[in-house]
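Chain by chain, the residues:
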Amino acid sequence: MAKRDTRRESVGLRAGGLPPMPEDIYLAKARRRIDWKRLFFIFLGLTLFTIVYLSPPWADAVDPAGEHFVLTREGKAAIALFLLASIWWVFEVVPIGITSLAIGVLQALFLIRPARVAFTDFMVPSVMFIFASMMIGFVFTKTGLTKRLAYKMLIIVGEKTSMIYLGCFIVTSALAHIMAHTAVAATIYPLLISIYALYGEGDKKTKFGKGLFIGMAYVAGAGSIVTLLGAARGAVALGFYKDIMAQDIGFFELTYYMFPVGWIMT
């Protein structure tokens, strides 16, 4: 009995009875795979948005002095949008950038804020500052400067476990002064993998490995608070501070106060 061509049966023949092309097979497999978990969270976010947006007006908030604060239609819609964005971000149902742009689009579509105001926030100085700091980080990574720093550090600190820890964490924290801490973690991670391969115990899980990677994550955050280049939250927080207090905090002024805090944590 001739062997059945199940692959051809699954995707069918092309016009003229020709066998399927590789892209036909790929598309057929893609059609068969449905990510139900992803679809669930996409619709969960949309459902919560719809429920909150269409819900009746909420009760006023009352402070201890008895003053009433009315939740406007725009305020309720903003809560609905927050729920939608939170679910999509946390469960990563769509790329983060798409969710971010959707926030601006939905604000304009549902009249939460005027389109000009909503989309202007994408270009505020703090966002541009974050973008520029990430570009600096990518340049350091692309040119190999971070690897040179890490390997030089290993030569200096030697092979004692505590000194390897100290060297890795100092380099990580220092890099977080000039690069976004997430970019630092992404850059340092493969280097730590190489270090662990040299000093670990093969596939066996060790306390050395746990300390190396958990410590890296911690000191990346500790180092990032020292300058505005280290994390988005610093630039955004200073933007809020300026709006509320009408006072600017300079780059070096922030570093003056945060340097001892960040390095004590490190």
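Residues numbered from 1 in each chain as written. Predicted model: local features only at pLDDT ≥ 70, side-chain atom pairs only at ≥ 80, totals over all residues. Heavy atoms only, no water.

1. As for the overall build of the chain
And step 1. Per the secondary structure count, the chain includes 13 helices and two strands.
And step 2. Here the chain, with 266 residues, has 30% of them falling under the buried criterion.
And step 3. When contacts within the chain are restricted to residue pairs at least 6 apart in sequence, long-range pairs at least 24 apart make up 59% of them.
And step 4. Roughly 17,700 Å² of accessible area belongs to the chain as shown, and the carbon and sulfur atoms make up 70% of that amount. (Helix = DSSP H or I, 4+ residues; strand = E, 2+ residues; numbered from the N terminus. Buried < 20%, exposed > 50% of the residue type's maximum accessible area, 1.4 Å probe, protein only. Contact = heavy atoms within 4.5 Å. Areas by Shrake-Rupley, 256 points an atom, 1.4 Å probe, with all protein chains shown as cover.)

2. Overview of the layout of surface pockets
A probe matching the size of a water molecule, rolled over the atoms, marks out where space remains unfilled.
And step 1. For the second largest pocket, the calculated volume is near 180 Å³.
And step 2. If you go around the second largest pocket, the residues you meet are A78, L81, F82, A85, W89, S100, I103, Q107, I112 and F122.
And step 3. Contributions of two or more residues to the lining of the second largest pocket are made by α4 (73-90) and α5 (96-109).
And step 4. Here the lining of the second largest pocket gets five residues from one element, more than from any other, and that element is α4.
And step 5. In the lining of the second largest pocket, the residues fall into eight nonpolar, two polar and no charged. (1 Å grid on protein atoms, 1.4 Å probe; cavity = no way out; pocket = protein on both sides within 12 Å on 5 of 7 lines; lining within 4 Å. Points joined across faces, edges and corners; volume = space filled by probe spheres on them. Nonpolar A, V, L, I, M, F, W, Y, C, P; charged D, E, K, R; others polar.)

3. Brief notes about the packing of aromatic side chains
And step 1. Considering all chains together, one arrives at 13 aromatic pairs under this definition.
And step 2. Relative to F110, the ring of F49 has its centre 5.0 Å away and its plane inclined at 70°; by these criteria the two rings are edge-to-face. Of this pair, F49 sits in helix α3 (residues 36-54) while F110 is found in the loop between α5 and α6 (115-120), placing the two residues 61 residues apart along the sequence.
And step 3. Given a relative accessible area of 26%, F110 falls into the partly exposed group. (Phe/Tyr/Trp six-rings, centres within 6.5 Å; stacked < 30°, edge-to-face > 60°.)

4. Some words on the confidence of the model for the chain
And step 1. Across the chain, the average pLDDT comes to 80, with 85% of residues at or above 70.
And step 2. Ignoring residues within four places in sequence, the model shows residues 5-13, a span with pLDDT below 50, making 13 contacts including any to other chains. (pLDDT = per-residue confidence, 0-100.)

5. Thoughts on the pattern of salt bridges
And step 1. By the definition in use, this model includes two salt bridges.
And step 2. Note that R73 and E74 form a salt bridge whose closest N and O atoms lie 3.4 Å from each other.
And step 3. On the basis of relative accessibility, which here comes to 36%, the residue R73 falls in the partly exposed class.
And step 4. Between D248 and K242 there is a salt bridge whose closest N-O contact spans 3.5 Å. (Salt bridge = Lys/Arg side-chain N within 4 Å of Asp/Glu carboxyl O.)

6. What to know about the packing of α4 against α5
And step 1. Across the interface, α4 lies against α5 with an axial gap of 10 Å and an inter-helix angle of 170°. The angle between the axes of α4 and α5 places the two elements in the roughly antiparallel class. Contacts between α4 and α5 involve L81, L84, A85, W88 and W89 from the first element and I96, T99, S100, I103, L106 and Q107 from the second. (Axes fitted to C-alpha atoms, helices over the stretch in contact; angles between N-to-C directions. Parallel < 35°, antiparallel > 145°, perpendicular 65-115°, else oblique.)

7. Here's the deal with the side chain of T206
And step 1. You can see T206 is positioned in the loop between α10 (181-199) and α11 (207-224).
And step 2. On the basis of relative accessible area, T206 is assigned to the buried category, the value being 12%.
And step 3. Of note is the side chain of T206, whose polar atom sits 2.9 Å from the side chain of Y196.
And step 4. Beyond its immediate chain neighbours, meaning those up to four positions away, T206 contacts Y196 and E201. (Polar contact = N/O pair within 3.5 Å; in protein donor to acceptor, adjacent residues only side chain to side chain.)

8. A word on a nonpolar patch on the surface
And step 1. Taken together, M123, V127, M128, F131, M134, M135 and F138 make up a surface patch of nonpolar side chains, about 620 Å² in accessible area.
And step 2. Mapped onto the secondary structure, M128 falls in helix α7 (residues 125-143).
And step 3. On the accessibility criterion, M128 (34% relative accessible area) is partly exposed. (Patch = residues over 30% accessible without salt bridge, like charges linked within 9 Å, V, L, I, M, F, W, Y side chains within 5 Å.)

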